[in-house]
Amino acid sequence: CFDVANLADNSTPDSVAIAVLTTLGAALGAKVGIRPKQKVDNWEVVSNLWGGIVAPPSSKKSPLLSAGRTFIDGLEANEAKKVEAEQKQYKFELKKLDLDIKTLNKKIDVLTKQQAQLEEPDDSVTKDIDDLITQIMDKEEERDEKREPQAKRFITDDSSPEKLAELESVNPDGMLVFRDELVGLLQSLERNGEDTGRTFYMEGYNGTGSYKQDRIGRGSITIENHCISVLGGIQPDKITGYIEQQIKGNSNDGLLQRFQLLVYPDALQWENVDRYPNHEAKKQLRKIYESFANFSEDKLIAMGAKKTEYDKRPYFRFTPEAYELFTIWREHLNTEIKPNEQESILVEHLGKYESLVAKIALIFHLIECELLGIKGNVNASCVEMALQWISYLESHARRIYGLVLNTHNMRA
């Protein structure tokens, strides 16, 4: 992250880290979860994240965001190559079935003409025609049941909620919605009197539940894991206007608070940086993305995850030391920080930090499992790193909401 940011003429590493962490969570998706309590089973989270960079125009948001997106695009390219041969075989089999059906129809034509030339119908010819019709019906059924092999998808740039639902239905680990300008997404979900998909997005934030969508003319779609990740950039004046709208109006439904990885870093002093990148670091990071995207249940269980016949996905818990650390922090959050916070919109934002700590700790744990060969439950060091992230993210949340909350007009 520091290497990429420095190569962008000494830009902020914070922005790159947000992009990488969000896209790593998207690569992992809903295939594995973490249960933060030691005994409770109905609280489980997966590592999909909503992240963004607040920065003025011409501040290199796009290249910094692409530091994470590049790896996701690489995963999609790899998946496309994997199915090339399967798609060719699929087209070959369809063509062969069509030719078989055409041949059978020609045979029926011949027999029908023969039958017409006879003074009396020949039962054996009639039976042959019936047999051919049965064969055609079998071939047509076989053709209709075939499905074209589809490459696994990870990301979409611009998708209607209906199309996003279709993508999720065939990509059960979830989808990343990438918007270079997040204001476009936010505005598209704001139109009054229309089903803009706002609720669809909000429910996809949890990432663990299923979703059934029924539409006249479009049929029914079942999503096994309704898991949406979001990443993009937004300008300070745009986010200010949106926060004002949420606070002054009646539209504060918690959508904005789901952007838990939203940061507004200070710009660093510009420098002309022209050197070779750290290829080894990039290679190592690519390995992590590929591992996350291809984790199987067996691999996760070998790493220490648990899964019974009643569980939807493999899951980890905290080690006793990690759980104690997590519990102490939760108590501090819920008995001191939130009760003493006067701004309700910030209380709602802070209220999602408990799941966020678990999500980030799980990502760090799986990185350690892959690179260091660690096995077992999520350890205390991963929780400590996640809590450092929370401290950092809280400072940025206060800065971003403070663009509006700290003004005289909003206080009046």
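Preceding this paragraph is the structure being described.
Within every chain, residues take consecutive numbers counted from 1 along the sequence as written. Given that the model is predicted, a residue must reach a pLDDT of at least 70 before its local features are reported, and side-chain atom pairs must reach 80 or more before they are shown or counted; all residues, however, enter totals for whole chains, interfaces and linings. Side-chain measures were taken over the full set of non-hydrogen atoms in the model, leaving aside hydrogen atoms and water.

K.L.:
So what exactly am I meant to see when it comes to the environment of Pro172 here?
P.N.:
Tracing the backbone shows Pro172 in the loop between α6 (161–170) and β4 (175–181). Taking the C-alpha atoms as reference points, Pro172 and Cys227, separated by 55 residues in sequence, lie 8.1 Å from one another. The contact criterion used throughout is that any non-hydrogen atoms of two residues lie within 4.5 Å. Not counting chain neighbours up to four residues away, the residues in contact with Pro172 comprise Ala30, Glu224 and Asn225. Where helices and strands are cited, they refer to DSSP runs of H or I of at least four residues and of E of at least two residues respectively, numbered from the N terminus.

K.L.:
Honestly, the sheet that holds strand β7 (residues 228–234) in this entry has me stumped. Any pointers?
P.N.:
Each strand in a sheet pairs with another by means of backbone hydrogen bonds, the pair being arranged parallel or else antiparallel. What makes two strands pair is DSSP finding at least two bridges between them. Overall, parallel pairing links the five strands, which are arranged β3-β4-β7-β2-β8 in an open sheet. Each edge of the open sheet carries a strand with a single partner, namely β3 (155–156) and β8 (261–263). Both strand β2 (residues 50–54) and β8 contribute to a ladder of three bridges, which runs parallel. In the strand pairing of β8, Gly51 is matched with Leu261. In the packing of α6 onto the sheet, the strands contacted are β3, β4 and β7, and the crossing angle to β4 comes to about 140°. Across the sheet, helix α15 (residues 380–405) touches β2 and β8, and the angle it forms with β8 is around 55°. All axes here are fitted lines through C-alpha atoms, helices being fitted over the stretch that makes contact, and every angle between N-to-C directions spans 0 to 180 degrees.

K.L.:
I would appreciate a short explanation of the packing of helix α4 (residues 84–117) against helix α5 (residues 123–145) in the present structure.
P.N.:
A pair of packed helices can be characterised by two numbers: the angle between their axes and the separation between those axes. Viewed as axis vectors pointing N to C, α4 and α5 meet at an angle of 160°, and their least axial separation amounts to 9 Å. One element, α4, and the other, α5, form an angle in the roughly antiparallel class. The interaxial crossing formed by α4 with α5 has left-handed handedness. In this structure, α4 uses Leu94, Leu97, Asp98, Asp100, Ile101, Leu104, Asn105, Lys107, Ile108, Leu111, Thr112 and Gln115 to contact α5, whose residues at the interface are Val125, Thr126, Asp128, Ile129, Leu132, Ile133, Gln135, Ile136, Lys139, Glu140, Glu142 and Arg143. Under the scheme applied, nonpolar residues are Ala, Val, Leu, Ile, Met, Phe, Trp, Tyr, Cys and Pro; charged residues are Asp, Glu, Lys and Arg; polar residues are all the others, including Gly. The class makeup of the residues in the contact of α4 with α5 is 11 nonpolar, five polar and eight charged. If an angle is under 35 degrees, it is roughly parallel; if it is over 145, roughly antiparallel; if it lies from 65 to 115, roughly perpendicular; otherwise it is oblique. Take the far helix as the reference: if the near one is turned anticlockwise from it by less than a right angle, the crossing is left-handed, and if turned clockwise, right-handed.

K.L.:
I would appreciate a short explanation of the pattern of salt bridges in the present structure.
P.N.:
Oppositely charged side chains may form a pair once their charged atoms are brought near each other. Think of a salt bridge as a Lys or Arg side-chain nitrogen and an Asp or Glu carboxyl oxygen that are within 4 Å of each other. According to the stated counting rule, one finds 26 salt bridges in the structure shown. Linking Glu341 and Arg398 is a salt bridge whose minimum nitrogen-to-oxygen distance equals 2.6 Å. Taken as a pair, Glu341 in the loop between α12 (320–337) and α13 (344–350) and Arg398 in helix α15 lie far apart in primary sequence, 57 residues in all. Relative accessibility under 20% of the residue-type maximum defines a buried residue, over 50% an exposed one, and the middle range a partly exposed one, all with a 1.4 Å probe and only protein chains included. Residue classification places Glu341 among the buried positions, given a relative accessible area of 15%. When its relative accessible area of 31% is taken as the criterion, Arg398 is described as partly exposed. When salt bridges with common partners are traced through the structure, they connect Arg35, Asp41, Glu44, Asp311, Arg313 and Arg317 into a single cluster.

K.L.:
I tried to follow the pairing of β2 on my own but got confused; where do I start?
P.N.:
Regular strands show a simple pattern: their side chains alternate between the two faces of the sheet. Burial of β2 is extensive: five of the five residues sit out of reach of the surface. Note: β2 against β7, five bridges, orientation parallel. From the neighbouring strand, Gly52 faces β7, where its bridge partner is Gly232.

K.L.:
Looking at this model, I keep getting lost on the packing of helix α14 (residues 353–372) against α15. Mind explaining?
P.N.:
In contact at an axis separation of 8 Å, α14 and α15 are set at 135° when each is read in the N-to-C sense. In terms of their interaxial angle, α14 and α15 are classed as oblique. The interaxial crossing formed by α14 with α15 has right-handed handedness. Residue-level inspection shows Tyr353, Leu356, Val357, Ile360, Ala361, Phe364, His365 and Glu368 of α14 in contact with α15, the latter providing Ser381, Cys382, Val383, Met385, Ala386, Leu387, Trp389, Ile390, Leu393, Glu394 and Ala397. Among the residues forming the contact of α14 with α15, the class breakdown is 15 nonpolar, two polar and two charged.

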